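Chain residues, written in single-letter form:
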Amino acid sequence: MKNLREELEWFQDLKRELRTNKITAIVLAFALAIVVFLYVDRETKIIYGPPTPLQKPIEITNPAVVDVEWARFFAQVLMNFSPDDVKNRTELMLPFVAPTFRADFMALMEKTEEDAKQFGIYQLFKEEKVEVGENGTVYIKGSIRRYVRGKAPLTERVEVVMKVKGGKLYDFKVARVNPYER
């Protein structure tokens, strides 16, 4: 009888330990599920070139292609503006402007900001064609739609000419294009 009681107590202790182990296992499984949910779905994204709306990383091995993508990005940042955001766009671009072009760039952006505020200019740029010259200069043809306070909107065809190397802007010019030229 004494042996049976000892066996029964041992069985009761085992049952309590089993219950504790089940609770511990459930808590650990829940914690592991949280860790899996938070960290396993993450992936390291490496994007070469300017910010893009890509959903997955790309790898480009041709540096000239990267420079063209940077030029396209710069054109959108510099050609689309309102009186209130020219200064922000200037600050955004400064780390990407080559030291040799920085003074000219700042003068250009200060003039643009002054004109935009004085005349209430809003400008939108639509890229149509991108070409690369032999010396690496990027030519982006497109049209701008300019809204000036108190006047009818004006649409012009332009060519943005940029020299970009290694993600740095070395030159930037905008020229009007003959509207009959395609």
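Here we summarise the structure given alongside this text. (Residues numbered from 1 in each chain as written. Predicted model: local features only at pLDDT ≥ 70, side-chain atom pairs only at ≥ 80, totals over all residues. Heavy atoms only, no water.)

A full pass over the atoms with the stated rule returns 6 aromatic pairs. Measuring from centroid to centroid gives 5.9 Å for W70 and F73, while their planes differ by 75 degrees, and the two rings are edge-to-face. Note that W70 and F73 are positioned in helix α2 (residues 63–79) at a spacing of 3 residues, about one turn of the helix. Each member of the pair W70 and F73 is classed as buried. Ring geometry for F101 versus F105: centroids 6.2 Å apart, planes at 55 degrees, classification tilted. Look at F101 and you get buried, because its relative accessible area is 7%. Here the aromatic cluster, defined as three or more aromatic residues joined through ring pairs, consists of W70, F73, F74 and F96. (Phe/Tyr/Trp six-rings, centres within 6.5 Å; stacked < 30°, edge-to-face > 60°. Helix = DSSP H or I, 4+ residues; strand = E, 2+ residues; numbered from the N terminus. Buried < 20%, exposed > 50% of the residue type's maximum accessible area, 1.4 Å probe, protein only.)

Let us look at the pairing of strand β1 (residues 122–132). As defined by bridge partners, β1 adjoins strand β2 (residues 137–147) across 10 bridges and the pair is classed as antiparallel. When the bridges of β2 are listed, Q123 appears paired with R146. Connecting β1 to the antiparallel partner β2 that follows it, the hairpin turn spans 4 residues, and G136 within it adopts a positive phi of roughly 90 degrees. (Pairing = 2+ DSSP bridges.)

Looking now at the sheet that holds β2. Remark on secondary structure: sheet strands pair via backbone hydrogen bonds, oriented parallel or antiparallel. With respect to topology, 4 strands assemble into an open sheet ordered β1-β2-β3-β4, the strand pairing being antiparallel. The sheet terminates laterally at β1 and β4 (168–176), the two strands that pair on one side only. The mean angle between the axes of side-by-side strands here comes to 25 degrees, regardless of whether they run parallel or antiparallel. (Axes fitted to C-alpha atoms, helices over the stretch in contact; angles between N-to-C directions.)

Right, let's get into the environment of K117. The residue K117 is located in helix α4 (residues 102–119) in this model. Distance from K117 to P83, taken between C-alpha atoms, is 4.9 Å for residues 34 residues apart in sequence. Not counting the four nearest positions on each side in its chain, K117 is found in contact with P83 and R149. (Contact = heavy atoms within 4.5 Å.)

Looking now at a nonpolar patch on the surface. Taken together, the side chains of Y122, L124 and Y147 define a hydrophobic patch exposed on the protein surface, amounting to about 290 Å² of accessible area. Of note, L124 is situated in strand β1. Looking at L124, the relative accessible area reads 48%, which means it is partly exposed. (Patch = residues over 30% accessible without salt bridge, like charges linked within 9 Å, V, L, I, M, F, W, Y side chains within 5 Å. Areas by Shrake-Rupley, 256 points an atom, 1.4 Å probe, with all protein chains shown as cover. Salt bridge = Lys/Arg side-chain N within 4 Å of Asp/Glu carboxyl O.)

Here the focus is the pattern of salt bridges. In total, this model carries 10 salt bridges according to the counting rule given. Between E113 and K117 there is a salt bridge, and its shortest N-O distance comes to 3.3 Å. With E113 and K117 both in helix α4 and 4 residues apart, the pair spans about one turn of that helix. Close ionic contact of K173 with D171 constitutes a salt bridge, the shortest N to O distance being 3.0 Å. Assessed through its relative accessible area of 26%, D171 is described here as partly exposed. Residues joined in a network through salt bridges with shared partners are E69, R72 and E127.

The next subject is the nonpolar core. Core analysis: the largest hydrophobic core is formed by 29 residues, its most contacted members being M162 and L169. When contributions to this core are tallied by element, the ones reaching two or more residues are α2, α3 (86–93), α4, β2, β3 (154–165) and β4. The element contributing the most residues to this core is α2, with 10 residues. When neighbours within four sequence positions are excluded, M162 is seen to be in contact with A71, F74, A75, T137, V138, I140, L169, D171 and F172. (Core = buried A, V, L, I, M, F, W, Y, C linked by side-chain atoms within 4.5 Å.)

Time to look at the packing of α3 against α4. At a closest axis distance of 9 Å, the pairing of α3 and α4 adopts a crossing angle of 165 degrees. The angle between α3 and α4 places the two elements in the roughly antiparallel class. α3 and α4 meet at a crossing whose hand is right-handed. Within the contact between the two elements, α3 uses V86, K87, T90 and M93 and α4 uses F105, M106, M109, T112, E113 and A116. For the contact of α3 with α4, the residue count by class is 6 nonpolar, 2 polar and 2 charged. (Parallel < 35°, antiparallel > 145°, perpendicular 65-115°, else oblique. Left-handed = near helix turned anticlockwise from the far one by under 90°. Nonpolar A, V, L, I, M, F, W, Y, C, P; charged D, E, K, R; others polar.)

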